[in-house]
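Tertiary structure, described
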Amino acid sequence: MSSDRIEILDATTAARLGHCSGPTTAGECPAADEGPVPCAGRLVRPPGADPQAWPMWVPPDSHHCPLGSAHRAAECLRQADFYQDAWLAGLRRQTELVHHLAAAGDKRFKDEPPDELARISRLRWLGSPYAQELARMEQTFRQRAQGYLAFARRYPYRYPAERSHPTGASDR
């Protein structure tokens, strides 16, 4: 995200006040030392952003970039998807193994119908420590993503009812 130029807008008029490079790859604001971020009390949005979702308001006393939290949430969701894909691949391998054993005449599986073989495969996979660890890691990263998203949404900007949205979008 750090290669994008993030627009900084006035919170009242939505006039463009400047820009920043956005958060670092670690999700931190490179311009904030120990104090509030430079865009505190203003609106921020990536160039060409969807007006239904942007701009995002940054609270006046914020010491963290809300875009960094959104970036971290996206990274956590990618990790969760990785673990989910690994879990599903393991289930496919277990299913292939059980079907192979049945076709080879293994007495535990040879007389079972295909739907029962699928059920057996799933139960064997669910009981494996590796499948349990993959499921736990997926859940952990999904929960982390929810936490980062909650932080990013903590201070949603709402335009006053008597004014229209300066970017042309309706207030959600």
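Note that residues are indexed from 1 along each chain, following the sequence as it is written. Reporting in this predicted model follows two pLDDT cut-offs: at least 70 for local features of residues, and 80 or more for side-chain atom pairs to be given and counted; totals over whole chains, interfaces and linings ignore these cut-offs and use all residues. With hydrogens and water set aside, each side-chain value is computed from the structure's full complement of heavy atoms.

1. Here's the deal with the sheet that holds strand β4 (residues 56–57)
The cut-off we apply is this: The criterion for strand pairing is that DSSP finds at least two bridges linking the strands in question. Strands are runs of DSSP state E lasting at least two residues, helices are runs of H or I lasting at least four, and both sets are numbered from the N terminus onward.
With antiparallel pairing, four strands are arranged side by side in an open sheet as β2-β1-β3-β4. Every interior strand has two partners, whereas the edge strands, β2 (16–20) and β4, have only one. Bridge count for strand β1 (residues 6–9) against β2 is four bridges, and the pairing is antiparallel. From the neighbouring strand, Leu9 faces β2, where its bridge partner is Arg16.

2. Describing the nonpolar core
Where we set the bar: For our purposes a nonpolar core is just a set of buried Ala, Val, Leu, Ile, Met, Phe, Trp, Tyr and Cys residues, chained together by side-chain atoms within 4.5 Å. Throughout, exposure labels follow a simple rule: accessible area from a 1.4 Å probe, protein chains only, divided by the maximum for the residue type, with under 20% read as buried, over 50% as exposed, and the rest as partly exposed.
In this structure, Tyr83, Trp87, Trp125, Leu134 and Phe141 are the most contacted members of the largest nonpolar core, which totals 13 residues. Counting only elements with at least two residues in this core, the list comes to α1 (66–103) and α3 (129–152). Ranked by residues supplied to this core, first place goes to α1 with seven residues. By size, the runner-up hydrophobic cluster in this structure holds 12 residues, among which are Ile6, Ile8, Val37 and Val58.

3. What to know about helix α2 (residues 114–126)
Cut-off, in case you're wondering: A helix is expected to span 1.5 Å for every residue after the first. Summarising the geometry, the arc corresponds to the directions from the helix axis toward the C-beta atoms.
Here α2 spans 18 Å end to end across 13 residues, near enough to the 18 Å set by a 1.5 Å rise per residue. Taken together, the buried positions of α2 are occupied by Leu117, Ile120, Ser121 and Trp125. Down the axis of α2, the buried side of the element spans an arc of 130 degrees, and every buried residue falls inside it.

4. Section: the packing of α1 against α2
Put simply, the rule reads: Axis definition: a line fitted to C-alpha atoms, over the contacting stretch in the case of helices. Angles run 0 to 180 degrees between N-to-C directions. Here the angle decides the label: under 35 degrees means roughly parallel, over 145 means roughly antiparallel, 65 to 115 means roughly perpendicular, and every other value means oblique. Each crossing gets its hand from how the near helix is turned against the far one by less than a right angle, where anticlockwise is left-handed and clockwise is right-handed. Whether two residues touch is decided by their heavy atoms; if any such pair falls within 4.5 Å, the residues are in contact. Note that Gly is not counted as nonpolar here; it falls among the polar residues with everything else outside the nonpolar set of Ala, Val, Leu, Ile, Met, Phe, Trp, Tyr, Cys and Pro and the charged set of Asp, Glu, Lys and Arg.
Where α1 contacts α2, the axes come no closer than 9 Å and their chain directions differ by 130 degrees. As far as their axial angle goes, α2 and α1 are oblique. When you trace α1 past α2, the crossing you get is right-handed. Where α1 approaches α2, its residues Trp87, Gly90, Leu91, Gln94, Thr95, Leu97, Val98, His99 and Ala102 are matched on the opposing element by Pro114, Leu117, Ser121, Arg122, Arg124, Trp125 and Leu126. When its residues are assigned to classes, the contact of α1 with α2 shows nine nonpolar, five polar and two charged.

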